[in-house]
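# Residue-level structural notes
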Amino acid sequence: MTSRLVVVSNRIGDPRKVAAGGLAVALGDALSESGGLWFGWSGKVVAGGARGEGDLHLQPSGKVMLATLDLGSDDHAAYYAGYSNRVLWPVFHYRLDLAQFDDGYFEGYQRVNRLFARKLSTLLKPDDVIWVHDYHLIPLAAELRALGCRQRIGFFLHIPMPPPLVMAAIPAHDMLMRSLFAYDLIGLQSEADVAHFARYVETEAGAERVGGDQYRAFGQQVCARAFPIGIDVDEFQDLAQTPESIETRETLRSQYPLRQLLIGVDRLDYSKGLPQRLRAFHRLLADYPENRNSATLIQVATPTREGVESYEDIRRELEGLSGQINGEYGELDWMPVRYIHRTLARRRLPGLYRAGRVALVTPLRDGMNLVAKEFVAAQDPADPGVLVLSRFAGAAEQMRAALLVNPYDIGATAGAVQRALRMPLSERVERHQALLTGVREHDVHRWRREFLQALQAAERAPG
């Protein structure tokens, strides 16, 4: 009998909804094969400073049971807004300067993970396979083990793993890393992330390497490997045929018939390198004047974590930079920067990407960055656009045929964009073919399949 899959994440996705995206579809496929459970926070915060149990909601979605839990306002503030987004997110993206190490955050983070474990344990079956996702839930396996759960439990980190000395700046970092050894398998986005994990556990925890990807510490053994996440290429290319996508592409081509479009699509986050990207575009116009009245940057910056001071700061900075560039170089019939601070419907993204001559995917640090892969999947193979990709994105390990840049080097990034804009068709086609082959080969279904196969094969954590 096939084991049931249980997926646990901070927020869940309904795999039947197209807007949920390729990840939800891929996990939904796996969940549906034998019937499955997806467990996470409901998104609802109970007012009044409440801590404690919260209501558990069960909703069937085909063969998948969606189980969501409400959080009290104190728990949400400490676990989500506090420790997850003011400690782990900035530190794991190497931004120690933005981290806020409040004493109460870690306590709330542990408390909510304990609550998740307690609620989830009542829904588990003895032969379940549990797949936990991302930095919000690092301690969950340890909490489940403490409740007597002996099922196979895997963990996948969607964001980067920082180097040991950066990780060690987090108060209670040793407890975080110790809790990872309660898992049977740890999945990371890149080989660089695996190297950082290995160096940390060997130098800080005295771990012994047992074989190529096995580590023993704290009386337990865990497997840690790179499983680079991909996209559902067919699903995304099907989106390109929707009326919304076609309308978006045709509208852009009719509105900008004489322009070369540069496309950026990101969450509004300091890890994405958006100010550096706008400065590089400004340098492009300054150093390569033939692009004036020609190159147009369409930058979509989806709102995220609104109300957090560091995000308000970057929003003001981007608005200022956009205004500066448009004021300095804009004409009556041409604005160099089209800055859009709202969420763009997912069905429109393939059309936006297809209209672009160049995609700028230039994060300062990123776990993978699937925009890079979506852009490649959306291109016309006969006349493809060019991907300019940060070497600090996890995707750079796989997508070597892109133009790789250091986003901190404004002049060099501008030069790479100029090269992309002037690249001959033959080179564009050759690079695109290589990139698309890789994107198809390492798609989201392979990622899911290889992770779950490795989890089934992993030695169980002692205890």
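Residues numbered from 1 in each chain as written. Predicted model: local features only at pLDDT ≥ 70, side-chain atom pairs only at ≥ 80, totals over all residues. Heavy atoms only, no water.

### Points about the overall build of the protein chain
Across its full length, the protein chain holds 16 helices and 16 strands. Its C-alpha radius of gyration of 23 Å places the protein chain within 12% of the 23 Å reference for a compact globule of 463 residues. Counting the 463 residues in the protein chain, one finds 59% classified as buried. When contacts within the protein chain are restricted to residue pairs at least 6 apart in sequence, those whose partners lie at least 24 apart make up 78%. Summing over all exposed atoms, the protein chain offers an accessible surface of approximately 18500 Å²; the carbon and sulfur share of this is 49%. Seen as two clouds, the 54 positive and the 56 negative side-chain charges of the protein chain have centres 2 Å apart. (Helix = DSSP H or I, 4+ residues; strand = E, 2+ residues; numbered from the N terminus. Rg over C-alpha atoms; globule rule 2.2 N^0.38 Å. Buried < 20%, exposed > 50% of the residue type's maximum accessible area, 1.4 Å probe, protein only. Contact = heavy atoms within 4.5 Å. Areas by Shrake-Rupley, 256 points an atom, 1.4 Å probe, with all protein chains shown as cover. Lys, Arg positive; Asp, Glu negative; His and termini not counted. Charge placed at Lys NZ, Arg CZ, Asp CG, Glu CD.)

### Quick word on the packing of aromatic side chains
As enumerated under the stated definition, the model contains 21 aromatic pairs in all. Aromatic side chains Trp41 and Tyr80 sit 5.5 Å apart centroid to centroid with 45° between the ring planes, which places their arrangement in the tilted category. Within this pair, whereas Trp41 is found in strand β2 (residues 36-46), its partner Tyr80 is found in helix α2 (residues 73-92), the two being separated by 39 residues in sequence. When the ring of Phe227 is compared with that of Phe451, the centres are 5.2 Å apart and the planes differ by 65°; the resulting orientation is edge-to-face. Placement of Phe227 in the loop between β10 (220-226) and α8 (233-239) and of Phe451 in helix α16 (residues 444-457) is noted, with a sequence separation of 224 residues between them. Phe451 shares its class with Phe227; the two are buried. Three or more aromatic residues joined by ring pairs form one cluster here, namely Phe39, Tyr79, Tyr83, Phe106, Tyr109 and Phe116. Just above the ring of Trp41 sits the side chain of Arg11; from NZ or CZ to the centre is 5.1 Å. (Phe/Tyr/Trp six-rings, centres within 6.5 Å; stacked < 30°, edge-to-face > 60°. Lys NZ or Arg CZ within 6 Å of the ring centre and 35° of its normal.)

### Here we look at the nonpolar core
Judged by nonpolar contacts, the single largest core of 93 residues is most densely connected at Val8, Phe116 and Phe197. Not counting residues within four places of it along the chain, the set of residues in contact with Val8 comprises Phe39, Phe116, Leu120, Ile130, Trp131, Val132, His133, Leu137 and Leu140. Ranked by size, the runner-up nonpolar core spans 58 residues in total, among them Ala30, Ala359, Ala377 and Met399. (Core = buried A, V, L, I, M, F, W, Y, C linked by side-chain atoms within 4.5 Å.)

### A word on the pairing of strand β11 (residues 260-267)
Counting buried residues along β11, seven of its eight residues qualify, which places the element largely inside the surrounding structure. Taken together, β11, helix α10 (residues 274-287) and strand β12 (residues 295-302) constitute a β-α-β crossover, and its handedness is right-handed. Where β11 lies against strand β14 (residues 358-361), two bridges are found, and the strand directions are parallel. Among the inter-strand pairings, Leu262 is bridged to a residue of β14, identified as Val358. (Right-handed = clockwise from strand over helix to strand, strands pointing away. Pairing = 2+ DSSP bridges.)

### Observations regarding the pairing of β10
Walk down a regular strand and you will see the side chains alternate between the two sheet faces. For β10, the buried fraction is high: six of the seven residues fall into the buried class. Taken together, the four bridges between strand β7 (residues 185-188) and β10 define a ladder with parallel strand orientation. Looking at β10, one finds that Ile186 is bridged to Ala224. The hairpin turn running from strand β9 (residues 214-217) into β10, its antiparallel successor, is two residues long, and Phe218 in that turn takes a positive phi close to 55°.

### So, the sheet that holds β12
Across the sheet, six strands lie side by side as β13-β12-β11-β14-β15-β16; this open sheet has parallel pairing. The open sheet is flanked by β13 (337-340) and β16 (403-405), the only strands paired with a single partner. With strand direction ignored, the average angle separating the axes of adjacent strands in the sheet is 20°. In the packing of α10 onto the sheet, contacts are made with β11, β12, β13 and β14, and the angle to β12 comes to roughly 170°. (Axes fitted to C-alpha atoms, helices over the stretch in contact; angles between N-to-C directions.)

### Description of the packing of α10 against helix α11 (residues 309-329)
To describe two helices that pack against each other, one gives the angle between their axes and the distance between the axes. Interhelical geometry of α10 versus α11 gives an angle of 10° and a closest axis separation of 9 Å. Overall, the two elements α10 and α11 adopt an arrangement that is roughly parallel. Facing Leu274, Pro275, Leu278, Arg279, Phe281, His282, Leu285 and Ala286 of α10, the residues of α11 in contact are Ile314, Glu317, Leu318, Leu321, Ser322, Gln324, Ile325, Glu328 and Tyr329. (Parallel < 35°, antiparallel > 145°, perpendicular 65-115°, else oblique.)

### Some details on helix α15 (residues 425-441)
Counting along an α-helix, one turn takes 3.6 residues, and residues three or four places apart therefore face a common direction. Relative to the 24 Å expected for 17 residues at 1.5 Å per residue, α15 spans 24 Å between its end C-alpha atoms, a close match to the ideal helical length. Here α15 has its buried residues at Arg428, Val429, Arg431, His432, Leu435, Leu436 and Val439. Against α8, α13 (371-378), β15 (386-390), β16 and α14 (410-422) lie the buried residues of α15. (Expected span 1.5 Å × (residues − 1).)

### Details of unusual backbone geometry
In this structure, Tyr94 is a non-glycine residue whose phi angle is positive, near 70°. When you line up the elements, Tyr94 lands in the loop between α2 and α3 (103-121). For Asn293, which is not a glycine, the phi torsion comes out positive at approximately 65°. Positionally, Asn293 belongs in the loop between α10 and β12. On the basis of relative accessibility, which here comes to 33%, the residue Asn293 falls in the partly exposed class.

### Topic: the environment of Phe92
Positionally, Phe92 belongs in helix α2. By relative accessible area, which is 1% here, Phe92 ends up buried. Linking Phe92 and Tyr135, residues 43 residues apart in sequence, is a C-alpha distance of 9.2 Å.

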